[in-house]
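# Summary of structural features
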Amino acid sequence: METTAVQKLENLLLVSVPQDMTDEDVILLRRQVLQKIRQHGSRWVLLDFALVDICDSFFGRFIYSMAEMVKLMGAKVIISGLQDAVVETLIDLGLTLPHIPAVLDLDDALALARSTDATSFGAMASIRENVVWDTPEAKLLANRSEV
Amino acid sequence: MSNDESIKQLQQRIEQLEGKIANQAEMHEEFRQSKRRMELALESTNTGLWDWNIAENKIYFSPRYYTMLGHEPYEMPAVFDTWKNLLHPDDVEMALTAVTEYHTGQRPDYVVEFRMKTKSGAWRWILARGEIIERDDESNPIRMIGTHVDITVQKQAEAEQVRLQQEVIKAQQHAIQELSTPIIPMMDGIIVMPLIGSIDSLRAKDLMRTLLTGISDHRAKIVILDITGVTIVDTGIAAHLDKTIQAARLKGARTIVTGISDAVAETIIDLGIDWSNIETVRDLQTGLMVALNRLGIKLR
């Protein structure tokens, strides 16, 4: 699988999910994503499914596992580009993927990530002004917001 | 007896015989006319005749019976199997059952339609009618006669009519579908989908497709789903609407449901349908205001 599937853009990771992934491909892709999060300190993972025509039974599991792993590393998943046929299948299978923000395409995904960052960075900034950063937890927080 | 009396007797006898001959000639002529009449009737209506001697397994097929199927008269053996072997494979069982059931009294008469093979290998639709005209002492049928009429043209016309009807129905359904699920783009990022009428699972699927296409086409962030025109909301329909809303979300659009009548509100709660996660608003105007607010658009 090509390594260009995962690309860094500012504090985001853009993942173009390919069609027809094998179990191995899924594992490799996840590892790549997690590695890059650690490497770049990304806060967002944008999973774009514009290339995926058919939804198979592993779809839901792939998205959920990615979202959970990414969350443990302090980042959040946004899904975009789901095709109509794939959406219909997901709904038929009862996979509504709640708690995972979904947008129409990459443009909207970027916009969402940036607007959310703006608010949270604002919040982080005011905390920074009012907190004494000398406990280990505080230092961790300070590091995160500087990424 | 005197000579004169004998002669008189003989003369009377001759007169009697002449009378009888004349009578017979008349009867013969009548019979000939009757036979001719029947032949003309059969010919003009293109009817084949069959006369089945059941006991001896011999059948008489009239010339027309043969020519109807492109064969020469009397070309094939005059037996039951000749008929059976000419039947279309899909019709054999049905036709044989008809004969048996008529013989055993399960059917009141013998009237069947089946396909028979012509000499060139084509199929003609035949209407067969028949009647048992002789039975033995135990009431078993021993002679049956009947007719064959070629109804291929009628059958084709029937099929054509059915096909046309189907097309009309399909076209009407398509038109109804198009008319009843339009997408109205309101302004940037807001679309309205007014639902009218009843929603079955087929329509629900179609609805979802239309909505998803509409969201893509107009890059909608908010969908206002107006159900003023949906008179009945039961658990099934509520589930369909739920699925539609979930699908819209996966395409990045949020749904606001408007137009819930008091009757519908009552039904939903009474049926225990959970719409607590669905944003509902009284009417379209309010829905539009909420949508604009969400998108951060202020109207002066």
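Residues numbered from 1 in each chain as written. Chains lettered and ligands numbered in written order. Predicted model: local features only at pLDDT ≥ 70, side-chain atom pairs only at ≥ 80, totals over all residues. Heavy atoms only, no water.

## Focus on the pattern of salt bridges
For the coordinates displayed, the defined rule picks out 23 salt bridges over all chains. Between Asp108(A) and Lys221(B) there is a salt bridge, with the nearest N and O atoms lying 3.3 Å from each other. With Asp108(A) in helix 4 (residues 106-130) and Lys221(B) in the loop between helix 6 (201-218) and strand 8 (222-229), the pair connects residues from two separate chains. The closest approach of N and O atoms between Arg254(B) and Glu279(B), which form a salt bridge, is 3.8 Å. Of this pair, Arg254(B) sits in strand 9 (residues 254-258) while Glu279(B) is found in strand 10 (residues 279-281), placing the two residues 25 residues apart along the sequence. Three or more residues are tied together by salt bridges with common partners; here these are Asp105(A), Asp108(A), Arg219(B) and Lys221(B). (Salt bridge = Lys/Arg side-chain N within 4 Å of Asp/Glu carboxyl O. Helix = DSSP H or I, 4+ residues; strand = E, 2+ residues; numbered from the N terminus.)

## Remarks on the interface of chain B and chain A
Taken together, the contacts link 16 residues of chain B with 21 residues of chain A. Around 1,500 Å² of area is buried between chain B and chain A when both sides are counted, 53% of it from carbon and sulfur atoms. Along the contact surface separating chain B from chain A lie six salt bridges. The partner of Glu88(A) in a salt bridge is Arg209(B), with the nearest N and O atoms 2.9 Å apart. Within the residue set of the side of chain B that touches chain A, elements represented by two or more residues are helix 6 and helix 7 (235-250) of chain B. Per-element accounting of the side of chain B that touches chain A gives the leading share, seven residues, to helix 6 of chain B. For the side of chain B that touches chain A, the per-class residue count stands at five nonpolar, four polar and seven charged. (Contact = heavy atoms within 4.5 Å. Buried area = accessible area lost by both parts, 1.4 Å probe. Nonpolar A, V, L, I, M, F, W, Y, C, P; charged D, E, K, R; others polar.)

## Thoughts on the layout of surface pockets
Gaps left between atoms show up when a probe the size of a water molecule is rolled over them. Estimated volume of the largest pocket: approximately 750 Å³. Looking at the largest pocket, it is lined by 23 residues, and the ones nearest its centre are Arg249(B), Gly252(B), Ala253(B), Arg254(B) and Thr255(B). When residues of the lining of the largest pocket are traced back to their parent elements, those giving at least two are strand 5 (102-103) and helix 4 of chain A together with helix 7 and strand 9 of chain B. Looking at the lining of the largest pocket element by element, the count peaks at four residues for helix 7 of chain B. Grouping the constituent residues of the lining of the largest pocket by class yields eleven nonpolar, four polar and eight charged. (1 Å grid on protein atoms, 1.4 Å probe; cavity = no way out; pocket = protein on both sides within 12 Å on 5 of 7 lines; lining within 4 Å. Points joined across faces, edges and corners; volume = space filled by probe spheres on them.)

## Looking at helix 6 of chain B
Residues and elements named next belong to chain B. The end-to-end C-alpha separation of helix 6 is 26 Å, in line with the 26 Å expected for 18 residues at 1.5 Å each. Every buried residue of helix 6 is listed here: Arg 203, Ala 204, Leu 207, Met 208, Leu 211, Leu 212, Gly 214 and Ile 215. Immediately beyond the C-terminal end of helix 6, within one or two residues, lies Arg 219, with a positive phi of roughly 50°. (Expected span 1.5 Å × (residues − 1). Buried < 20%, exposed > 50% of the residue type's maximum accessible area, 1.4 Å probe, protein only.)

## Some points on the pairing of strand 2 (residues 58-61) of chain B
Residue and element names in this part refer to chain B. Burial along strand 2 is one-sided: Ile 59 and Phe 61 are buried, while Lys 58 and Tyr 60, pointing the other way, are not. Here strand 1 (residues 47-53) runs beside strand 2; their pairing, made up of four bridges, is antiparallel. Within strand 2, the residue paired with Asp 51 across the bridge is Tyr 60. Counted along the chain from strand 1 to the antiparallel partner strand 2, the turn is four residues long, and its residue Asn 57 has a positive phi close to 50°. (Pairing = 2+ DSSP bridges.)

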